[in-house]
Amino acid sequence: MSGTDMSHAAGAGPDPDPGRAAVASAYQRFEPRAYLRNNYAPPRGDLSSPDGVGPWKLRCLAQTFATGEVSGRTLIDIGSGPTIYQLLSACAHFDDITMTDFLEVNRQELGLWLRDEPGAFDWSVYSRHVCLIEGKGESCQEKECQLRARVKRILPIDVHQPQPLGAGSLAPLPADALVSAFCLEAVSPDLASFQRALDHITTLLRPGGHLLLIGALEESWYLAGEARLAVVPVREEEVREALVRSSYEVRDLRTYIMPSHLRTGVDDVKGIFFAWARKKVGV
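Criteria and cut-off values
Residues numbered from 1 in each chain as written. Predicted model: local features only at pLDDT ≥ 70, side-chain atom pairs only at ≥ 80, totals over all residues. Heavy atoms only, no water. Phe/Tyr/Trp six-rings, centres within 6.5 Å; stacked < 30°, edge-to-face > 60°. Helix = DSSP H or I, 4+ residues; strand = E, 2+ residues; numbered from the N terminus. Buried < 20%, exposed > 50% of the residue type's maximum accessible area, 1.4 Å probe, protein only. Lys NZ or Arg CZ within 6 Å of the ring centre and 35° of its normal. Pairing = 2+ DSSP bridges. Axes fitted to C-alpha atoms, helices over the stretch in contact; angles between N-to-C directions. Contact = heavy atoms within 4.5 Å. Parallel < 35°, antiparallel > 145°, perpendicular 65-115°, else oblique. Left-handed = near helix turned anticlockwise from the far one by under 90°. Nonpolar A, V, L, I, M, F, W, Y, C, P; charged D, E, K, R; others polar. Arc of directions from axis to C-beta. UniProt positions renumbered as here; feature names shortened; annotations may be inferred.

**Here we look at the packing of aromatic side chains**
For the structure shown, the criterion picks out 13 aromatic pairs. An angle of 45° between the planes, with centres 6.1 Å apart, marks the rings of Tyr85 and Tyr126 as tilted. A residue pair is termed long-range when its members are at least 10 positions apart, and Tyr85 in the loop between strand 1 (74–78) and strand 2 (96–101) and Tyr126 in helix 6 (residues 124–134) qualify at 41 residues. By relative accessible area, which is 3% here, Tyr126 ends up buried. Pairwise contacts between aromatic rings join Tyr27, Phe30, Tyr35, Tyr40, Tyr85, Phe121, Trp123, Tyr126 and Tyr222 into one cluster. For Arg228, the ring lying beneath its charged end belongs to Trp221, and the centroid distance is 4.1 Å. When the ring centre of Trp276 is taken as origin, the NZ or CZ atom of Arg251, which lies over that ring, is 4.6 Å away.

**Considering the sheet that holds strand 5 (residues 205–217)**
Spatially, 3-2-1-4-5-9-8 is the arrangement adopted by the seven strands of the open sheet, whose pairing is mixed. In this open sheet, the two edge strands, each paired with only one partner strand, are strand 3 (151–156) and strand 8 (248–257). Neighbouring strand axes in the sheet, compared pairwise and without regard to direction, differ in orientation by 15° on average. Contacts from helix 4 (residues 53–66) reach strand 4 (175–181), strand 5, strand 8 and strand 9 (271–279) within the one sheet, and its direction differs from that of strand 9 by about 15°. On the sheet, helix 5 (residues 104–114) packs against strand 2 and strand 3 and is oriented at approximately 165° with respect to strand 3.

**Let's talk about the packing of helix 8 (residues 191–202) against helix 9 (residues 236–245)**
Helix-helix packing: each pair is described by the crossing angle between the helix axes and the interaxial distance. Packing of helix 8 against helix 9 brings their axes to within 9 Å, and their N-to-C directions diverge by 45°. The orientation of helix 8 with respect to helix 9, classified from their angle, is oblique. Regarding helix 8 and helix 9, the two cross each other, and that crossing is right-handed. Across the interface between the two elements, Leu191, Phe194, Gln195 and Leu198 of helix 8 pack against Glu238, Glu241, Ala242, Leu243 and Arg245 of helix 9. Class assignment of the residues belonging to the contact of helix 8 with helix 9 gives a composition of five nonpolar, one polar and three charged.

**Some details on helix 9**
Along helix 9, the positions that sit buried rather than exposed are Glu238, Val239, Ala242 and Leu243. Here the buried residues of helix 9 occupy an arc of 135° about the axis, which is enough to place them on one side. Where the residues of helix 9 are buried, they touch helix 8, strand 5, strand 8 and strand 9.

**Points about the UniProt feature "binding site: S-adenosyl-L-methionine" (unreviewed entry) in the chain**
The residues that UniProt annotates with the feature "binding site: S-adenosyl-L-methionine" (unreviewed entry) are Tyr35, Tyr40, Gly79, Ser80, Tyr85, Asp101, Asn106, Asp158 and Val159. An extended arrangement is adopted by the annotated residues: their sequence extent is 125 residues, and the largest C-alpha distance between any two is 24.4 Å. By secondary structure assignment, the location of Tyr35 is in helix 3 (residues 32–40). When residues no more than four places from it in sequence are discounted, the contact partners of Tyr35 are Phe30, Tyr40, Pro82, Thr83, Phe182, Tyr222 and Ala224. Every residue in contact with Ser80, bar those within four places of it in the chain, is listed here: Gln86, Met99, Thr100, Asp101 and Leu110.

Printed below as a string of structure tokens:
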């Protein structure tokens, strides 16, 4: 679990693109705990209502993995942030999981939970909910134990580099599957940059492998403590077009409209998208 700065860890120098450099600078003020409170504690973290955003995301993931089509040995979570919920259904289907993030503070936050240390964020409500919707009779403790056992490493990443994990990455490549939640649109200054970042992470995926992508629709900013982060606003059709341009076959694309009671002033998000796409073979 690296403690080095991203630019050194991935072998990349300062970003010459002023838009991306501004994004990287803004993220130095990112506060993981504030982000978690804003998005994964109530009201958005209230999983008791099936119409909530949390249950919707967890259902999308659980239903996709339940098809049995998204499986293999290796999975990489692109831009994990300080969250683990996006892997709760995945961990039954992959033996070797790599988590990644640009920020050292997020990698440290993930490490606290993976080592089950005091003070780590409590994801048990999410684990319990996933066990409920999967219906396999697992306890949340068993689910969390399985995820901790299958995450093998936490690595720095920069999706704006042609080699996002750097040269000589410790992750087994190419991966059988990728997961990415609220990353690409949140670190891209414009739609062209979003497309290039998608192209870059696609190089980490084997032909025929699967990508599960979750992100914000029509969002331009969000708060994480003192940090106010810019987001490139994307629409559902722009997500679909970007996936096709990156040589994916779109298997599923769903949207969720954020209800008024969950528009809490921590961002201006209009909705959420979930995409399941398969990388074409021989392209």
